[in-house]
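# Examining the three-dimensional arrangement
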Amino acid sequence: MDRDAFRSQLRTFIAQNLLYSAETELDDSASLLASGLIDSTGAMELIAHVEATVDRTFDDSDLVASNFDSIDRIVAFAVPAEG
């Protein structure tokens, strides 16, 4: 899956499964935790979804905000750059 397809799929998953309101605007660079869009349980659900989508399991040391706190960070971490 390329980065654009993954980003689109990830945004859909977050909107349908983790946001408290369908009206919430989702900025790809915004902190999902700091903005209150998801809580710690939602973060774990999100990580499990990302692992299933990219078909790999992340090490515990990878489960940090620098990898999972925004859509931009998740895409950069989970989907290798092409080229």
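Residues numbered from 1 in each chain as written. Predicted model: local features only at pLDDT ≥ 70, side-chain atom pairs only at ≥ 80, totals over all residues. Heavy atoms only, no water.

This structure, assessed with the given rule, holds three aromatic pairs. Judged by centre distance (5.4 Å) and plane angle (70°), the rings of Phe58 and Phe68 are edge-to-face. In this pair, Phe58 is assigned in the loop between helix H2 (40-54) and helix H3 (65-68) and Phe68 in helix H3, connecting sequence segments 10 residues apart. Judged by its relative accessible area of 5%, Phe58 falls in the buried class. With centroids separated by 5.4 Å and ring planes inclined at 65°, the aromatic side chains of Phe68 and Phe77 adopt a geometry described as edge-to-face. Here Phe68 and Phe77 have matching classes, each one buried. These aromatic residues form a ring-pair network of at least three members: Phe58, Phe68 and Phe77. Positioned over the ring face of Phe77 is Arg56, at 5.4 Å from the centre of the ring. (Phe/Tyr/Trp six-rings, centres within 6.5 Å; stacked < 30°, edge-to-face > 60°. Helix = DSSP H or I, 4+ residues; strand = E, 2+ residues; numbered from the N terminus. Buried < 20%, exposed > 50% of the residue type's maximum accessible area, 1.4 Å probe, protein only. Lys NZ or Arg CZ within 6 Å of the ring centre and 35° of its normal.)

At a closest axis distance of 10 Å, the pairing of helix H1 (residues 3-17) and helix H4 (residues 71-78) adopts a crossing angle of 135°. If you check the angle between H1 and H4, you find them oblique. Relative to H4, H1 is oriented so that their crossing is right-handed. Packed against H1, whose contacting residues are Arg3, Phe6, Arg7, Leu10, Arg11 and Ile14, the element H4 presents Ile71, Asp72, Ile74, Val75, Ala76 and Ala78 at the interface. Along the lines of polarity and charge, the residues of the contact of H1 with H4 split into eight nonpolar, no polar and four charged. (Axes fitted to C-alpha atoms, helices over the stretch in contact; angles between N-to-C directions. Parallel < 35°, antiparallel > 145°, perpendicular 65-115°, else oblique. Left-handed = near helix turned anticlockwise from the far one by under 90°. Contact = heavy atoms within 4.5 Å. Nonpolar A, V, L, I, M, F, W, Y, C, P; charged D, E, K, R; others polar.)

Moving on: H4. By the burial criterion, the buried members of H4 are Ile71, Ile74, Val75, Phe77 and Ala78. On its buried side, H4 packs onto H1, H2 and H3.

Let us now look at the confidence of the model for the chain. Detailed reading of predicted coordinates is not advised where the pLDDT is low. Summarising the model, the chain shows a mean pLDDT of 89, and 93% of its residues fall at 70 or more. The least confident element of the chain is H3, whose mean pLDDT is 92; the most confident is H4, at 96. (pLDDT = per-residue confidence, 0-100.)

Further remarks concern H2. Across its 15 residues, H2 extends 21 Å between first and last C-alpha, which sits within 8% of the 21 Å expected from 1.5 Å per residue. Among the residues of H2, those classed as buried are Gly42, Ala43, Leu46, Ile47, His49, Val50 and Glu51. Among the residues of H2, the N-terminal cap falls to Asp39, whose side-chain oxygen and the backbone nitrogen of Thr41 are separated by 3.2 Å. Looking one or two places after H2, you find Asp55, whose phi comes out positive at around 55°. (Expected span 1.5 Å × (residues − 1). Polar contact = N/O pair within 3.5 Å; in protein donor to acceptor, adjacent residues only side chain to side chain.)

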